[in-house]
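# Architecture and fold: a report
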Amino acid sequence: MRKFLAVVIGLLFVAGVAAAQTHDNDKEKKATDEMSLSADLRVGPTTLPAGEYRIVCDRHQITFTRLETGKRYQVPCEGKELEKKADATKVMTNLDKNGVRYLDKLLIKGSTVEHVFD
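Residues numbered from 1 in each chain as written. Predicted model: local features only at pLDDT ≥ 70, side-chain atom pairs only at ≥ 80, totals over all residues. Heavy atoms only, no water.

With antiparallel pairing, 4 strands are arranged side by side in an open sheet as S1-S4-S5-S6. Unpaired on one side and paired on the other, strand S1 (31-37) and strand S6 (72-76) mark the two borders of the sheet. Sheet twist, expressed as the mean angle between neighbouring strand axes with direction ignored, is 20 degrees. In this structure, S1 lies alongside strand S4 (residues 51-57), joined through 7 bridges in antiparallel fashion. By the bridge assignment, Ala31 is partnered in S4 with Cys57. (Pairing = 2+ DSSP bridges. Helix = DSSP H or I, 4+ residues; strand = E, 2+ residues; numbered from the N terminus. Axes fitted to C-alpha atoms, helices over the stretch in contact; angles between N-to-C directions.)

And the structure:
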């Protein structure tokens, strides 16, 4: 799990802001994985406190469940379809004009969607 945290942190980089795109949810398969956040991260309209999370995409919503408390945070599943399944979970973040880090894109291992967030 510590190695995964290092990979997630290593994947954090500055990316361009992407407009949310819808995708054909009928083809998407349910995807789940776990990730660790070393600092708070804004995801859409909510902020995830630092900690370990289980990520579940059920084709309509992405649920981030904090493993320590069981608290759930949900955001709509939006993004473009990829040609193949993601081979690893990848977190791509950016900074807003106030210096707050936010989730820009998320690839969930086994999912065929590049999830994007407003």
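From this point, the narrative continues.
Relative to the elements of secondary structure, Glu114 occurs in strand S10 (residues 113-116). In this view, Glu114 contacts Glu78, Gly79, Lys80, Leu82, Lys105, Leu106 and Leu107; residues no more than four positions away in its chain are not counted. (Contact = heavy atoms within 4.5 Å.)

Let us now look at the pairing of strand S5 (residues 61-66). Counted residue by residue, S5 has 5 buried out of 6 residues, so it is predominantly covered. Sheet analysis places S4 next to S5, joined by 5 bridges and oriented antiparallel. Paired with Tyr53 across the strands is Arg66, a residue of S5. Examined bridge by bridge, S5 and S6 share 5 bridges and lie antiparallel to one another. Across the sheet, Thr63 pairs through a bridge with Gln74, a residue of S6. Counting the residues in the hairpin turn of S5 and S6 gives 5 residues, including Gly70, whose phi is positive at 80 degrees. (Buried < 20%, exposed > 50% of the residue type's maximum accessible area, 1.4 Å probe, protein only.)

Moving on, we come to the environment of Glu78. Mapped onto the fold, Glu78 is located in the loop between S6 and strand S7 (79-81). For Glu78, a relative accessible area of 25% translates into the label partly exposed. Distance from Glu78 to Val116, taken between C-alpha atoms, is 5.9 Å for residues 38 residues apart in sequence.

Here we come to the pattern of salt bridges. Between side chains of opposite charge, a pair can form when the charged atoms approach closely. In this structure the tally under the stated criterion is 5 salt bridges. Among the salt bridges present, the one from Asp96 reaches Arg42, with a minimum N-O distance of 2.8 Å. A residue pair is termed long-range when its members are at least 10 positions apart, and Asp96 in the loop between strand S8 (90-95) and strand S9 (101-107) and Arg42 in strand S2 (residues 41-43) qualify at 54 residues. Measuring nitrogen to oxygen at the nearest pair gives 3.9 Å for the salt bridge that ties Glu114 to Lys80. (Salt bridge = Lys/Arg side-chain N within 4 Å of Asp/Glu carboxyl O.)

Moving on, we come to the pairing of S4. Consecutive side chains of a regular strand alternate in pointing toward one face of the sheet and then the other. Burial analysis of S4 places 5 of its 7 residues in the buried class, which makes it a mostly covered element. Count of turn residues in the S4/S5 antiparallel hairpin: 3 residues, of which Arg59 carries a positive phi of about 85 degrees.

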